[in-house]
Amino acid sequence: MVMADRPEVQTATPAVAAITMMGLGQNLLTGLARVPFVKPWQGPGNVVHNLGQSVTRQTIRSFMGYSLGLPIEEFRSMEQVIDGLCGVVMPPYVRGMDGVKITQEVIGGVPGLWCRRASSKNNPQRVEGTILYLHGGGYIGTSPMMYAAFASAIAKQTGCDIFIADYRMAPEFPFPAGVLDAASVYTALLDQGVKAENLIIAGDSGGGGLAASLISHLHATDVQMPAALALFSPETDLELDQPSVSENAQYDILPWNVPTAPYLQGIAPGDPLVSTVNAALSPDWFPPTFVTSGGNEMFRDGIRILVGNLSDAGIEVHAIEAEGMFHVFPILMPWLDVSRQVFTELDEFVDTHVRSRHFIDIGAFEG
């Protein structure tokens, strides 16, 4: 499911949706045409690395700039088309590249996708842990299928099963709808027999902020905490008043005017429930945390504050800040050495914190 498939969500007519997609294509081409004029060979790496970073940055910027200017019904229709294309491409791609099988399931009333290492009777796989993944998109966009490649790469690296929750998003469903959906999935997984000590919550960008908010929600509702938390460029400071928001705007993939109002809709951006940098953290309830970010991303300073707060509170934190990299770089450029380092260190983090491994032979259940 994608947001446009929900009965409460309005979409554009097919004709308008087609025009919207044509506009997106033209905007992407215009954006790419700028690349040769911004010295794409300059940067922290070699020429190929820098060129790839420049093309990626300009492509995502063009996509976001165009998308955020659309009426919401056109945005949802565009998202629906992209999700449909991903639904065709992603399953065979991740099966071939990562040996991962994608299946749909509704857990706790919330739809989503499982990314599991494929197994057979002759090659059973052992489940070493479960990750509840909350996809990014600034609390307003994208879908689980768009994240299938990244989640599958994590599944391959860590040996974990990953459920990408299709939580409700703004502006149709502002805070706390997404947090409540994530909590429903989490508690349902526990009810199904997944042990908390084998369960990790993870997310990127807005999904990373949502993952951190979920921890606060679980604490407030007296639900057993997961083994760990893994965050990729998390949006955990919605006040957006740190120097890096303006200083890194020219280097990041994010738009200079990052939207938060559709998600908050009256909630103060500094409220600890949405901005974990302002929460009173304690190792008594906040789990060990893995955080990765880019040195050139707009959220850099807010993430540094979060890491510092975790450390000062006595909470175990494993932080990677990649010099010269932008927002969610391991997702957008997974082939880079620094991205591979993130996957390797995430695997070590999972090995450390998924303590009581539940090795299950699932070969008998999957063909």
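An unreviewed UniProt entry annotates the chain as Alpha/beta hydrolase originating from Dietzia aerolata.

Glancing now at the sheet that holds strand 8 (residues 317-322). The eight strands are arranged 1-2-4-3-5-6-7-8 in an open sheet whose pairing can be described as mixed. Each edge of the sheet is formed by a strand with only one pairing partner; in this case those strands are strand 1 (100-107) and strand 8. The average angle at which neighbouring strand axes cross in this sheet is 20°, direction not considered. In this structure, strand 6 (residues 228-232) lies alongside strand 7 (residues 289-294), joined through four bridges in parallel fashion. Counterpart to Ala-230 in the pairing with strand 7 is Phe-290.

Moving on to the packing of aromatic side chains. Taken as a whole, this structure holds ten aromatic pairs when the rule is applied. Centroid distance Tyr-133 to Phe-150: 6.0 Å. Interplanar angle 70°. Geometry classified as edge-to-face. Linking Tyr-133 in strand 3 (residues 130-134) with Phe-150 in helix 4 (residues 148-158), this pair joins segments that are 17 residues apart in sequence. Both residues of the pair, Tyr-133 and Phe-150, count as buried. Ring centres of Phe-175 and Tyr-263 lie 5.9 Å apart, and the angle between their planes is 75°; on these two criteria the pair is classed as edge-to-face. Placement of the pair is Phe-175 in the loop between strand 4 (161-165) and helix 5 (177-191) and Tyr-263 in helix 8 (residues 261-264), with a sequence separation of 88 residues. Across this residue pair, the class does not change: Phe-175 and Tyr-263 are buried. One aromatic cluster is present, built from ring pairs that chain together Tyr-133, Tyr-147, Phe-150, Phe-232, Phe-290, Phe-343 and Phe-349. Of note, Arg-116 hangs over the ring of Trp-114, and the distance from its end group to the ring centre comes to 4.1 Å.

So, on to the UniProt feature "domain: Alpha/beta hydrolase fold-3" (unreviewed entry) in the chain. UniProt records the feature "domain: Alpha/beta hydrolase fold-3" (unreviewed entry) at residues 131-329, using the numbering of this structure. Secondary structure within residues 131-329 divides into 33% helix and 16% strand; the distance between the first and last C-alpha atoms comes to 20 Å.

Of the consecutive residues Ala-170 and Pro-171, the connecting peptide bond is found in the cis state with omega at 5°. Secondary-structure assignment places Pro-171 in the loop between strand 4 and helix 5. In this structure, Pro-176 follows Phe-175 across a cis peptide bond, with omega equal to 10°. Residue Asp-222 is not a glycine yet carries a positive backbone phi of 60°. Mapped onto the elements, Asp-222 comes out in the loop between helix 6 (205-220) and strand 6. If you check the backbone angles, Gln-265 has positive phi at about 40° while not being a glycine. With respect to the helices and strands, the residue Gln-265 is situated in the loop between helix 8 and strand 7. Look at Gln-265 and you get partly exposed, because its relative accessible area is 47%.

Cut-offs and rules
- Residues numbered from 1 in each chain as written.
- Predicted model: local features only at pLDDT ≥ 70, side-chain atom pairs only at ≥ 80, totals over all residues.
- Heavy atoms only, no water.
- Pairing = 2+ DSSP bridges.
- Helix = DSSP H or I, 4+ residues; strand = E, 2+ residues; numbered from the N terminus.
- Axes fitted to C-alpha atoms, helices over the stretch in contact; angles between N-to-C directions.
- Phe/Tyr/Trp six-rings, centres within 6.5 Å; stacked < 30°, edge-to-face > 60°.
- Buried < 20%, exposed > 50% of the residue type's maximum accessible area, 1.4 Å probe, protein only.
- Lys NZ or Arg CZ within 6 Å of the ring centre and 35° of its normal.
- UniProt positions renumbered as here; feature names shortened; annotations may be inferred.

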